[in-house]
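Geometric and topological summary
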Amino acid sequence: MAAPATGNNARRDFYERIGGLSMAPLWESLHQLVPPQPAPKYVPAHWDYDKVRPFLMESGALITAKEAVRRVLILENPAMTGSACITPTLYAGLQLILPGEVAPSHRHTQSALRFIVEGEGAYTAVDGERTIMCEGDFVITPTWTWHDHGNDSSKPMVWLDGLDIPLVAMFNAGFAENGETDEQAVTTPEGTADAKYASGLLPVDWRPSRQTSPIFNYPYARTREALHGLSRAGAPDPCHGYKLRYVNPANGGAPIATMGTFMQLVPKGFATSPYRCTDGTVFSVVEGEGESRIGDTVIRWKKRDHFVVPSWARVEHRTDSDAVLFSFSDRPIQEKLDLWREDRGGK
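None of the values given here were measured: they were computed from a predicted structure.

Topic: the pairing of strand β16 (residues 281-287)
- In terms of residue burial, β16 counts as a mostly covered element, since six of its seven residues are buried.
- In terms of strand pairing, β16 meets strand β19 (residues 306-309) through four bridges, oriented antiparallel. Residue F283 lies in a different strand from β19, and its bridge partner there is F307.
- When β16 meets strand β21 (residues 323-329), the two strands line up antiparallel, connected through six bridges. Paired with T281 across the strands is S329, a residue of β21.

What follows is the structure, given as structure tokens:
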């Protein structure tokens, strides 16, 4: 008769037996499931636009916007190869549309943002209304809205796509549908959404039908003016410089329920104090040059570059000139769940 298992052998035997019932001991993984602080499994990363742009243009010769549906080069975190994610909750990519092209109409449950990186004159249409896009504009495509893009200008257009694809996948809530035609019918005069909702007033009997903003284009000219006004109103915040968040005028929250969007001005020669927060953040450089120290990694950036700061990573920005940075993250979801935290000392 075999001797009873003892010590580690007894535990291993026990784990094997409960494994047959699809069970496992919590005490063997508790330190990983409930860590003392965030320990992201992804890393800081930087995409130099001067190096990326030739590949974007080459992709334009390889496949049409219609064939590709969306001609995009994904910005994939180097620690998450094969995931098509820039953080565990966010997707990012650079989309190219050439003169005369149309990216055909479709809709999906994933919410999307567009931040215009290069060019002007192309349009996006959302549920029957078109808007012309210029560099620095922030455009939203709310969940389950028909949208297509076209370029009536004479030059290529490039924008940053940001989507909540990983979050929707986690909930197994992804649906999509293609339009019957490449371009949806335009049923609303251009500028209608702006006229109704972007003046600090709302139509008296209007009631929101969803959590996303009724404005779908936040023009850079207006945003830059707001940053300039803020810079004249007082000293910069030690951790952010002058930073504003885009808002839904109906409720004061984020324009997209799952993604927060921000724009900040960091003055020439300014060095921000160490800062960290629980939302991993994707940055697009709109103006200027500088560097960001993210933990032990130093990234030199310039206009049109992109970089990502992981959750709870200490970050400090230093600028060589006045710099403007657009960013997006999953902060709204974290705030709704009472999970979001920040550390303004970077300890």
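Looking at the sheet that holds strand β7 (residues 129-132)
- Strand order in this open sheet of five strands is β7-β6-β9-β4-β11, and the pairing throughout is antiparallel. Either end of the sheet is taken by a strand with one partner, and the two such strands are β7 and β11 (176-178). Here the strands of the sheet are splayed against their neighbours by 25 degrees on average, with no regard to which way each runs.

Looking at the nonpolar core
- Among the nonpolar cores identified, the biggest contains 46 residues, and I86, L94, F138, L160, M263, F326 and F328 are the most heavily contacted of them.
- Ranked by size, the runner-up nonpolar core spans 11 residues in total, among them F283, I294, F307 and L325.

Focus on the UniProt feature "domain: Cupin type-2" (unreviewed entry) in the protein chain
- Taking the numbering used here, the UniProt-annotated feature "domain: Cupin type-2" (unreviewed entry) corresponds to residues 94-161.
- Taken end to end, residues 94-161 comprises 0% helix and 60% strand; its first and last C-alpha atoms sit 6 Å apart.

Some points on the packing of aromatic side chains
- Under the criterion given, the structure shown has 11 aromatic pairs.
- Ring geometry for F138 against Y246: centres 4.6 Å apart, planes inclined by 50 degrees, an arrangement best described as tilted. With F138 in strand β8 (residues 138-141) and Y246 in the loop between β13 (242-245) and β14 (260-266), this pair connects stretches of sequence that are 108 residues apart.
- The buried category is assigned to F138, whose relative accessible area is 0%.
- Among the aromatic residues, those joined into a ring-pair cluster are F115, F138, Y218, Y246 and F326.
- Lying across the ring of Y123, R130 places its NZ or CZ 3.9 Å from the centre.
- Stacked on the ring of F262, the Lys or Arg K243 has its end atom at 5.0 Å from the ring centre.

Overview of unusual backbone geometry
- You will see that W144, though not glycine, has its phi angle at about 60 degrees, which is positive.
- Among the residues examined, W144 registers a relative accessible area of 31% and is labelled partly exposed.
- In the Ramachandran plot, D338 falls in the positive-phi region, its phi being about 60 degrees despite a non-glycine side chain.
- Its place among the elements puts D338 in the loop between α8 (331-336) and β22 (342-343).

Description of helix α7 (residues 220-233)
- Counted at 1.5 Å a residue, the expected span for α7 with its 14 residues is 20 Å, and the 20 Å between its end C-alpha atoms agrees.
- Where the residues of α7 are buried, they touch β12 (217-218), β13, β14, β16 and β21.

Observations concerning the sheet that holds β8
- Spatially, six strands are ordered β2-β3-β10-β5-β8-β12 in an open sheet, and the strand pairing comes out antiparallel. The open sheet has two edge strands, β2 (72-74) and β12, and neither has a second partner.
- Bridging between strand β5 (residues 112-118) and β8 involves four bridges; their strand directions are antiparallel. Counterpart to L113 in the pairing with β8 is I140.
- Strand contacts of helix α3 (residues 49-62): β2, β3 (91-97), β5 and β10 (157-163), with the helix running at about 55 degrees to β3, the strand carrying the most contacts.

Points about a nonpolar patch on the surface
- On the surface, L26, L30, L33 and V34 cluster together to form a nonpolar patch covering roughly 390 Å² of accessible area.
- Secondary-structure assignment places V34 in the loop between α2 (30-33) and β1 (45-47).
- Given a relative accessible area of 58%, V34 falls into the exposed group.

A look at the side chain of S213
- Along the chain, the position of S213 falls in the loop between α6 (192-197) and β12.
- Overall, the relative accessible area of 5% leaves S213 in the buried class.
- A polar side-chain atom of S213 sits 3.1 Å from the main-chain amide nitrogen of I215.
- Within polar-contact distance, the side chain of S213 engages the side chain of Y218 at 2.7 Å.
- With residues near it in sequence (within four places) discarded, S213 still touches I140, Y218, V247, N248, P249 and P255.

Quick notes on the environment of S29
- Relative to the helices and strands, S29 is located in the loop between α1 (7-19) and α2.
- Using a relative accessible area of 24% as the deciding quantity, one classes S29 as partly exposed.
- Note: C-alpha distance between S29 and T145 (116 residues apart in sequence) is 42 Å.

Quick look at the pairing of β10
- Of all seven residues that make up β10, seven are buried, and the element is covered over most of its length.
- Of the two faces of β10, both are covered, the one formed by M157, W159, D161 and L163 as well as the one formed by V158, L160 and G162.
- Pairing analysis gives seven bridges linking β3 to β10, with the strands arranged antiparallel. Bridge pairing in β10 links Y91 to L163.
- Both β5 and β10 contribute to a ladder of six bridges, which runs antiparallel. Note on β10: the bridge partner recorded for R114 is D161.

Conventions adopted
- Residues numbered from 1 in each chain as written.
- Predicted model: local features only at pLDDT ≥ 70, side-chain atom pairs only at ≥ 80, totals over all residues.
- Heavy atoms only, no water.
- Buried < 20%, exposed > 50% of the residue type's maximum accessible area, 1.4 Å probe, protein only.
- Helix = DSSP H or I, 4+ residues; strand = E, 2+ residues; numbered from the N terminus.
- Pairing = 2+ DSSP bridges.
- Axes fitted to C-alpha atoms, helices over the stretch in contact; angles between N-to-C directions.
- Core = buried A, V, L, I, M, F, W, Y, C linked by side-chain atoms within 4.5 Å.
- UniProt positions renumbered as here; feature names shortened; annotations may be inferred.
- Phe/Tyr/Trp six-rings, centres within 6.5 Å; stacked < 30°, edge-to-face > 60°.
- Lys NZ or Arg CZ within 6 Å of the ring centre and 35° of its normal.
- Expected span 1.5 Å × (residues − 1).
- Contact = heavy atoms within 4.5 Å.
- Patch = residues over 30% accessible without salt bridge, like charges linked within 9 Å, V, L, I, M, F, W, Y side chains within 5 Å.
- Areas by Shrake-Rupley, 256 points an atom, 1.4 Å probe, with all protein chains shown as cover.
- Salt bridge = Lys/Arg side-chain N within 4 Å of Asp/Glu carboxyl O.
- Polar contact = N/O pair within 3.5 Å; in protein donor to acceptor, adjacent residues only side chain to side chain.

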